[in-house]
Amino acid sequence: MEDGVLLQLENVDICRDENVILHQASLSLHQGEFVYVIGKVGSGKSSLLKSLYCEIPICGGEARLLNYNLRKIKRKDVPYLRRKLGIVFQDFQLLTDRSVNKNLEFVLRATGWRSNKDIRNRIEEVLQQVGMQNKGYKMPHELSGGEQQRVVIARALLNTPDMILADEPTGNLDPETSGQIVQLLHEICKKGTAVIMTTHNYTLVHNFPARIVKCENASLNDVDK
Ligand SMILES: Nc1ncnc2c1ncn2[C@@H]1O[C@H](COP(=O)(O)OP(=O)(O)OP(=O)(O)O)[C@@H](O)[C@H]1O
């Protein structure tokens, strides 16, 4: 792949069961780039992201992501790819039985971190990055939706991903909080992490401008602003 290109999809088909959701779709993304993926309900936005973290297959075309060939990736390599991707969903998916710190520690230990000191420091760093320093002792239910989504973003940042995949990250949030979350994603992007964010929220796209790709008629097309 050309220097600085993190994702290159060329004429890919993305399939679910027997259905082709995206047909001959192409998309490339560079280091530090922000792209919104918009499109109608059921147009394939989530399927696109799922294919990037290997939850659903790419059944045609060429697909490279962070030096992995997504059409040939071995099952044992999928966790390594996912470690380089920060994944953020609409429903926060924090473990509800433990504190913010313990949620983050769980991910670090599961991804090979051993030193208690390194773990403590990294948790402090990512919480600081999302403006949640001093809230690590709280249980998820003690946080607002926006705060929970900040913690999810902190969790996505733990292993310093090259790219964040955010699927409707503001879907459950009020307009003001949604703006804050998108602003945070833009700040993270400015520090060098590419972001792909699906959304239905055109106000956000307007207020925080970036490249826009539309999912339509089973293909992906850049939208001129
Ligand atoms: N688990 C599944 N198994 C089979 N087909 C599915 C599954 N989930 C979604 N689909 C189909 O894939 C198509 C694309 O769905 P997808 O969720 O990617 O769309 P979307 O653009 O993200 O929609 P939304 O805006 O509602 O989130 C839909 O036509 C849907 O019927």
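Residues numbered from 1 in each chain as written. Predicted model: local features only at pLDDT ≥ 70, side-chain atom pairs only at ≥ 80, totals over all residues. Heavy atoms only, no water.

The protein chain appears in an unreviewed UniProt entry as ATP-binding cassette domain-containing protein from Parabacteroides faecalis.

Participant: Could you clarify how one ought to interpret the sheet that holds strand β4 (residues 58–65) in this entry?
Facilitator: As a general point, the strands of a sheet are linked pairwise by backbone hydrogen bonds and lie either parallel or antiparallel. Here four strands make up an open sheet; going across it, the order is β2-β1-β4-β5 and the pairing antiparallel. On the outer flanks of this sheet lie β2 (19–30) and β5 (68–69), each paired with one strand and no other. (Pairing = 2+ DSSP bridges. Helix = DSSP H or I, 4+ residues; strand = E, 2+ residues; numbered from the N terminus.)

Participant: What is the right way to look at the sheet that holds strand β3 (residues 34–38) in this model?
Facilitator: Pairing within the open sheet is mixed, and its six strands lie in the order β6-β7-β8-β3-β9-β10. Each having just a single partner strand, β6 (85–88) and β10 (219–223) make up the two edges of the open sheet. Taking each pair of neighbouring strands and ignoring which way they run, the sheet shows an average axis angle of 20°. Pairing analysis gives four bridges linking β6 to strand β7 (residues 163–167), with the strands arranged parallel. Across the sheet, the residue bridging to Val88 is Ala166, located in β7. Most of the contacts of helix α5 (residues 145–157) go to β6, to which it runs at about 160°, and overall it touches β6 and β7. Sheet strands touched by helix α6 (residues 175–190): β3, β7 and β8 (194–198). Its angle to β3, the strand with the most contacts, is close to 140°. (Axes fitted to C-alpha atoms, helices over the stretch in contact; angles between N-to-C directions. Contact = heavy atoms within 4.5 Å.)

Participant: How do you make sense of the nonpolar core when you look at a structure like this?
Facilitator: Note that soluble globular proteins tend to have their nonpolar side chains buried in a common cluster. Counting residues in hydrophobic clusters, the biggest one holds 38 residues, and the most contacted among them are Phe34, Tyr36, Ile153, Ile164 and Met197. Where this core is concerned, the elements lending two or more residues are β3, α3 (100–110), α4 (116–129), α5, β7, α6, β8 and α7 (202–207). If sequence neighbours within four positions are ignored, Ile153 has contacts with Val88, Val130, Ile181, Leu184, Leu185 and Ile188. Ranked by size, the runner-up nonpolar core spans 34 residues in total, among them Leu27, Leu48, Leu85 and Ile196. (Core = buried A, V, L, I, M, F, W, Y, C linked by side-chain atoms within 4.5 Å. Buried < 20%, exposed > 50% of the residue type's maximum accessible area, 1.4 Å probe, protein only.)

Participant: Can you walk me through the pairing of β4 in this structure?
Facilitator: When a strand is regular, its side chains alternate between the sheet's two faces. Note: strand β1 (residues 5–16) against β4, six bridges, orientation antiparallel. Across the sheet, the residue bridging to Gln8 is Arg64, located in β4. As paired strands, β4 and β5 are joined by two bridges and run antiparallel to one another. Directly across from Arg64, in β5, lies its bridge partner Asn69. Counting the residues in the hairpin turn of β4 and β5 gives two residues, including Leu66, whose phi is positive at 50°.

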